[in-house]
Amino acid sequence: MSYVLTTLTKKKEIDSIIRDTIDKVLVLRFGRASDAGCLHLDDLLSKSAREVSKFATIALVDIDSEDVQVYIKYFDISLIPSTIFFFNAHHMKMDSGTADHTKWIGAFHTKQDFIDVVEAIFRGAMKGKMIVNCPLPQERIPKYQLLYKDL
């Protein structure tokens, strides 16, 4: 768990931060404080928070909280950590060559990778785009298999 970053456990808190973050990218990390992948990502996020503070706000969402299950279902959070981006209350998507453009699944390899992604989303959002291309090379994008249930 990161003590530097805000941890959200209620739907009302998430709604408020999405609505109130203006002219900045909002980065929401969905995960558990006890998961090793989440701890690695939290470390990267907390180290990057100061450098991206002019154009981004970072918050953590505890997926074990009963009150946030609405968001877990809505964004289909099945793999953790999952990172979702917003700009002026609009969900920002990123084409990273994976099947899911709505979120970043897994941890970033380096702090600079995270900064590059957030900066690309910010620049695209300032131009009015709702989906941006991932600035990272394919070998630094986490790979995963999508499993479809109840087809």
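Residues numbered from 1 in each chain as written. Predicted model: local features only at pLDDT ≥ 70, side-chain atom pairs only at ≥ 80, totals over all residues. Heavy atoms only, no water.

Per an unreviewed UniProt entry, the recorded name for the chain is Thioredoxin-like protein 4B, and the organism is Hevea brasiliensis. As recorded by UniProt, the Subcellular location (unreviewed entry) comment attached to the chain reads in full: "Nucleus". (UniProt positions renumbered as here; feature names shortened; annotations may be inferred.)

Novice: Pulling in residues and values, what's your account of the pattern of salt bridges?
Specialist: Per the stated rule, a full pass over the model turns up 7 salt bridges. Notably, a salt bridge pairs E51 with K111, separated by 2.6 Å at the nearest N-O pair. Remark: K111 occurs in helix α4 (residues 111-126) and E51 occurs in the loop between α2 (36-48) and β3 (56-62); sequence separation between them is 60 residues. The class of E51 is partly exposed, set by a relative accessible area of 42%. Its relative accessible area of 28% is what places K111 among the partly exposed residues. (Salt bridge = Lys/Arg side-chain N within 4 Å of Asp/Glu carboxyl O. Helix = DSSP H or I, 4+ residues; strand = E, 2+ residues; numbered from the N terminus. Buried < 20%, exposed > 50% of the residue type's maximum accessible area, 1.4 Å probe, protein only.)

Novice: Can you break down the nonpolar core residue by residue, with the values?
Specialist: In terms of nonpolar packing, the biggest core is built from 29 residues, with V25, F85 and F114 touching the most fellow members. Listing elements by their share of this core, those giving two or more residues are β2 (25-31), α2, β3, β4 (82-87), β5 (90-95) and α4. Among the elements that take part in this core, α4 stands out by supplying 7 residues, more than any other. Aside from chain neighbours lying at most four places away, what touches F114 is V27, L45, S48, V52, I58 and F108. Counting 17 residues, the second-largest nonpolar core is a separate cluster that includes L26, A59, V61 and I84. (Core = buried A, V, L, I, M, F, W, Y, C linked by side-chain atoms within 4.5 Å. Contact = heavy atoms within 4.5 Å.)

Novice: Provide a residue-level description of the pairing of β2, including the pertinent values.
Specialist: Of all 7 residues in β2, 7 are buried, a share of seventy percent or more. Taking every second residue as pointing to the same face, both faces of β2 are buried, with V25, V27, R29 and G31 on one and L26, L28 and F30 on the other. Handedness of the crossover joining β2 and β3 through α2: right-handed. Relative to β4, β2 runs antiparallel, the two being bridged by 6 bridges. Bridging across to β4, L26 finds its partner in F86. (Right-handed = clockwise from strand over helix to strand, strands pointing away. Pairing = 2+ DSSP bridges.)

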